[in-house]
Amino acid sequence: MTVQDATVTELPTLLPESEPFRMLGQSPPDSALWPRLYTALVRGRRYNTQATTLTRQGRLAVYPSSTGQEACQVAAALALGPRDWLFPSYRDTLAAVTRGLPPAAALGLLRGDWHTGYDPHAHRIAPLCTPLATQLPHAVGLAHAARLRGDDVAVLGLVGDGGTSEGDFHEALNFAAVWRAPVVFLVQNNGWAISVPLAKQTAAPSIAHKAIGYGMPGRLVDGNDAPAVHHVLTEALDRARAGGGPTLVEALTYRVDAHTNADDATRYRDDAEVAAWRARDPLPRLERELRRHGLLTDDAAEAARADAEELAAGLRAALGSDPPLAPADLFAHVYATPTPQLREQAAGFGGGAGGAP
Ligand SMILES: Cc1ncc(C[n+]2csc(CCOP(=O)(O)OP(=O)(O)O)c2C)c(N)n1
Ligand SMILES: [Mg+2]
């Protein structure tokens, strides 16, 4: 086969959709999965509002809310099998919680703890990653190692639209395709990288199109349609596990809140834009569809709300008390063999000779 033949015969299967893939209002509902997605969305929305409130009370240092993006978060978590791995960014605490991480543990890092706050191996969730896109080469490495060992594991790496401009994104996708690593990349394209709009980030027709250059399929999906995101990710993860290699998925969504509680989004975006996206809120969209098909009763909706309130109360209780701290930890893990200066400082600190904070 010549290069030209390959282009003609294989490109159509690689090209992403021109319109985002959707299921709400278009596909018959899955009566087991869709209500499950709904309950997770209700919990997710409450988790986001509660965590943001905790920043205002000084109980949490910072919180990058995923309000508006919950469909991506819960669909990502629920598409993974128990043996799979999740590689989240700082905005993906909700995906981690939906995967089963205790809600307060997911906030350890954002609370200012010096370590991740949970055991990544126990939960198969890598540490929430703040340096943009650096989680992706790690995701590929784990996926490639699993494949070499013959482990039946797929890996899902999450990244934002801004993160796709990083070298790590390129390196991760390039190696993933060359090695046919069992990894799926989910770009949550929320249109903004803090105050930088997508138009200043890339001139590509879509982020999903970038897949073609790496030699993997690209999918474009409505990121506010939880069943659609779940469907596309499940398909890609199954393909990865079956040895079919990586997939790049772009989910179109919107961050309704500011970048974090420390950001003022009114300085760079219009209220009209936010209002337009609020009208596409993933939660009422799924709720309407479930009710239309008789898959959600008032009692079930109330039970979901009560469950979400319980989650929020648990979070308040967990973050309302100060964690026990060992001040000498400041000196641990700095060097394998502490320097004389560190030893001196540690001794002064312990003795209270001007070293105490
Ligand atoms: C390597 C690196 N450069 C810069 C930053 C500062 N920074 C933090 S968030 C952010 C914007 C990221 O936008 P995007 O990838 O779209 O994710 P979103 O916040 O929208 O979820 C930037 C530039 C960083 N964390 N890491
Ligand atoms: Mg973004």
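It should be emphasised that the depicted structure is a prediction, and the values quoted were computed from it without experimental measurement. (Residues numbered from 1 in each chain as written. Chains lettered and ligands numbered in written order. Predicted model: local features only at pLDDT ≥ 70, side-chain atom pairs only at ≥ 80, totals over all residues.)

### Digging into the overall build of the chain
Put simply, the rule is: Strands are runs of DSSP state E lasting at least 2 residues, helices are runs of H or I lasting at least 4, and numbering of each runs from the N terminus. We take the radius of gyration over the C-alpha atoms and set the globule estimate at 2.2 Å times the residue count to the 0.38 power. The exposure label follows from counting other C-beta atoms within 10 Å of a residue's C-beta, where the C-beta atoms are placed from the backbone and the thresholds are 20 or more for buried and 12 or fewer for exposed, leaving partly exposed in between. It is the C-beta atoms, placed from the backbone, that decide contacts: two residues are in contact if theirs lie within 7 Å.
Along the backbone of the chain there are 13 helices and seven strands. Computed over C-alpha atoms, the radius of gyration of the chain comes to 22 Å, within 12% of the 21 Å expected from 2.2 N^0.38 for 357 residues, which places it in the range of a compact globule. Once the C-alpha set of the chain is aligned to its principal axes, its extents read approximately 75 × 55 × 45 Å. Per-residue burial over the chain gives 41% buried out of 357 residues. The long-range share in the chain, meaning contacts at least 24 apart out of those at least 6 apart in sequence, stands at 77%.

### Digging into the nonpolar core
Rules: When buried Ala, Val, Leu, Ile, Met, Phe, Trp, Tyr and Cys residues are joined through C-beta atoms within 7 Å, the set is termed a nonpolar core.
Leu156, Val184, Leu186, Leu233 and Val249 are the most contacted members of the largest nonpolar core, which totals 85 residues. Ignoring anything within four residues of it in the chain, the contact list for Val184 reads Ala154, Leu156, Leu233, Ala236, Leu237, Ala240, Pro246, Thr247 and Val249.

### Comments concerning the sheet that holds strand β2 (residues 155–160)
What counts is decided by this rule: Whether two strands pair comes down to DSSP finding at least two bridges between them. Orientation is described by lines fitted to C-alpha atoms, with helices fitted over the stretch in contact, and by angles between N-to-C directions that extend from 0 to 180 degrees.
Sheet architecture is open: five strands sit in the order β1-β2-β3-β7-β6, paired in parallel fashion. Each having just a single partner strand, β1 (85–87) and β6 (218–222) make up the two edges of the open sheet. Mean inter-strand twist for the sheet, computed between neighbouring axes without regard to direction, equals 20 degrees. Pairing geometry for β6 and strand β7 (residues 247–252), over five bridges, is parallel. When the sheet's bridge partners are listed, Gly218 is paired in β7 with Leu248. Contacts from helix α9 (residues 226–241) reach β2, β3 (183–189), β6 and β7, with the element oriented near 170 degrees to β7.

### Quick word on unusual backbone geometry
Positioned with a positive phi, Arg180 is a non-glycine residue whose angle comes to about 50 degrees. Examined against the element boundaries, Arg180 turns out to sit in the loop between α7 (167–179) and β3.

### Concerning the packing of helix α2 (residues 33–56) against helix α11 (residues 282–292)
Put simply, the test is: Every angle not falling under 35 degrees, over 145, or within 65 to 115 is termed oblique; those three ranges are roughly parallel, roughly antiparallel and roughly perpendicular. The handedness criterion is simple: a crossing whose near helix is rotated anticlockwise from the far helix by less than a right angle is left-handed, and one whose near helix is rotated clockwise is right-handed. Charged residues are taken to be Asp, Glu, Lys and Arg, nonpolar residues to be Ala, Val, Leu, Ile, Met, Phe, Trp, Tyr, Cys and Pro, and polar residues to be all remaining types, Gly included.
It is at 10 Å that the axes of α2 and α11 come closest, and there the two elements cross at 150 degrees. Classified by the angle their axes make, α2 and α11 are roughly antiparallel. As for the relative orientation of α2 and α11, their crossing is left-handed in sense. Two secondary-structure elements touch here, α2 through Trp34, Pro35, Leu37, Tyr38, Leu41, Val42 and Arg45 and α11 through Pro282, Leu283, Leu286, Glu287 and Leu290. Of the residues belonging to the contact of α2 with α11, the class tally is 10 nonpolar, no polar and two charged.

### Things to note about the UniProt feature "domain: Dehydrogenase E1 component" (unreviewed entry) in the chain
Cut-off, in case you're wondering: UniProt positions are given in the numbering used here, feature names are shortened, and annotations may be inferred rather than shown by experiment.
In the UniProt entry, the feature "domain: Dehydrogenase E1 component" (unreviewed entry) is given for residues 50–308. Helix makes up 41% of residues 50–308 and strand makes up 12%, while its end C-alpha atoms are separated by 10 Å.

### Points about the environment of Ala154
In this fold, Ala154 is placed in the loop between α6 (135–149) and β2. For the pair formed by Ala154 and Leu80, sequence separation is 74 residues and the distance between their alpha carbons is 8.0 Å. For Ala154, the residues in contact, after removing those within four places along its chain, are Asp84, Pro182, Val184, Leu237, Ala240 and Arg241.

### With respect to the packing of helix α3 (residues 70–79) against α9
Two elements in contact, α3 and α9, have axes separated by 8 Å at closest approach and are oriented at 35 degrees. Our pair here, α3 against α9, has a crossing hand that is right-handed. Every residue of α9 that contacts α3 at Ala71, Cys72, Val74, Ala75, Ala76, Leu78 and Ala79 is listed here: Ala226, Val229, His230, Leu233, Thr234 and Leu237. Here the residues of the contact of α3 with α9 sort into 11 nonpolar, two polar and no charged.

### Considerations on the pairing of β3
Of all seven residues making up β3, seven are buried, and the element is well covered by its neighbours. With burial as the criterion, each face of β3 is covered, one bearing Val183, Phe185, Val187 and Asn189 and the other bearing Val184, Leu186 and Gln188. Direction of pairing for β2 relative to β3: parallel, over a ladder of six bridges. Bridged to Gly160 within β3 is Gln188. Relative to β7, β3 runs parallel, the two being bridged by six bridges. Note on β7: the bridge partner recorded for Val184 is Thr247.

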